[in-house]
Structures are given as structure tokens and as C-alpha cells.
Amino acid sequence: MFLQTFGTAIVDYNFAASPPPNIVYLAPNIGTFVLADNGTANFVWQKDENIEFYCEKLAYKGIRTISNVKYYECEMLVETQESCKQMIKLLFGCKRASIDDGYRIFYQRPQDEDYHLWAWDAQTFKLHKKANH
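Quick notes on the rules
- Residues numbered from 1 in each chain as written.
- Predicted model: local features only at pLDDT ≥ 70, side-chain atom pairs only at ≥ 80, totals over all residues.
- Heavy atoms only, no water.
- Salt bridge = Lys/Arg side-chain N within 4 Å of Asp/Glu carboxyl O.
- Buried < 20%, exposed > 50% of the residue type's maximum accessible area, 1.4 Å probe, protein only.
- Helix = DSSP H or I, 4+ residues; strand = E, 2+ residues; numbered from the N terminus.
- Pairing = 2+ DSSP bridges.

**So, the pattern of salt bridges**
Next up, step 1: Counting across every chain of the model gives 3 salt bridges.
Next up, step 2: Residues Arg-64 and Glu-73 are paired through a salt bridge, measuring 2.9 Å at the closest nitrogen-oxygen approach. For the pair Arg-64 and Glu-73, one class covers both residues: buried.
Next up, step 3: A salt bridge links Arg-109 to Asp-112; the nearest nitrogen and oxygen atoms lie 2.9 Å apart.
Next up, step 4: Note on Arg-109: relative accessible area 23%, which makes it partly exposed.

**What to know about the pairing of strand E8 (residues 103–108)**
Next up, step 1: Within E8, 5 of the 6 residues are buried, which leaves it mostly tucked inside the rest of the structure.
Next up, step 2: The pairing of strand E7 (residues 85–93) with E8 spans 4 bridges and is antiparallel. Looking at the pairing, Leu-91 lines up with Phe-106 of E8.
Next up, step 3: The pairing of E8 with strand E9 (residues 116–126) spans 4 bridges and is classified as antiparallel.

Right under this line is the structure:
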């Protein structure tokens, strides 16, 4: 559960619209996420014993503050096995979780009551202004 991941009660859950940070999150064993005007998410997802690869548009929304910790908030539309589209919410840590860990990435599907930790070891890279992503 999201709250238990941090071991604290939510003090605030503020949202502020902002321009995209123009950075890339590289999460080993998961994929890459480009937070920019034309953002993309390229990742693998394990369903039962099958592993599927996705390449989706990533819509940057702004900065979400939860218990004084800032996250970049994004959404992506993903096709499910039933050929339905499902909106997935993502939170990307603005700062490293600790000195030893990387950046955290959380996801929430419509059927989830809370966010799930997806990556704890992501790295970030600045996106070149004229990069083609």
C-alpha cells in the first residue's frame, strides 16, 4: 500500500501544474520514461508467465506533493488483454529516495485503491533540447 511504503500518514496531497522537467528515468528491468512535452514510456510488464513490451505516450500533469515529498505526476493509456484501454497513473520521485537508492516510480491502475512501488533504483538523465524521443 502507498501509505505503508512511506510509513507515514499523508499530511498533504497538493498538486501544482508545471512545465515538464525534460528528463528521462531509466529503471533497470523495467524500461525508460521520458518526461517531456511529447513524453513516452517504453517498458516491460509481466502478466502471469508472459512478459509484454509496451511503447506508450506519457502525459505529464505536474508536481504532486505527498507528505512533503515531491513527485512528477504522469498518466498513460494502456491497452489491456481484453482490448480495452486503461488509464495508469504514475508518480516519479523528484529526488532520490536515499543516498543508496535511486529514484522511486509508483503506479496506480483504476482497480487499485493505492499506488504500488514499481521501481526503487531508477536513474535520471537530462533530455537534450533537440532530442528525438
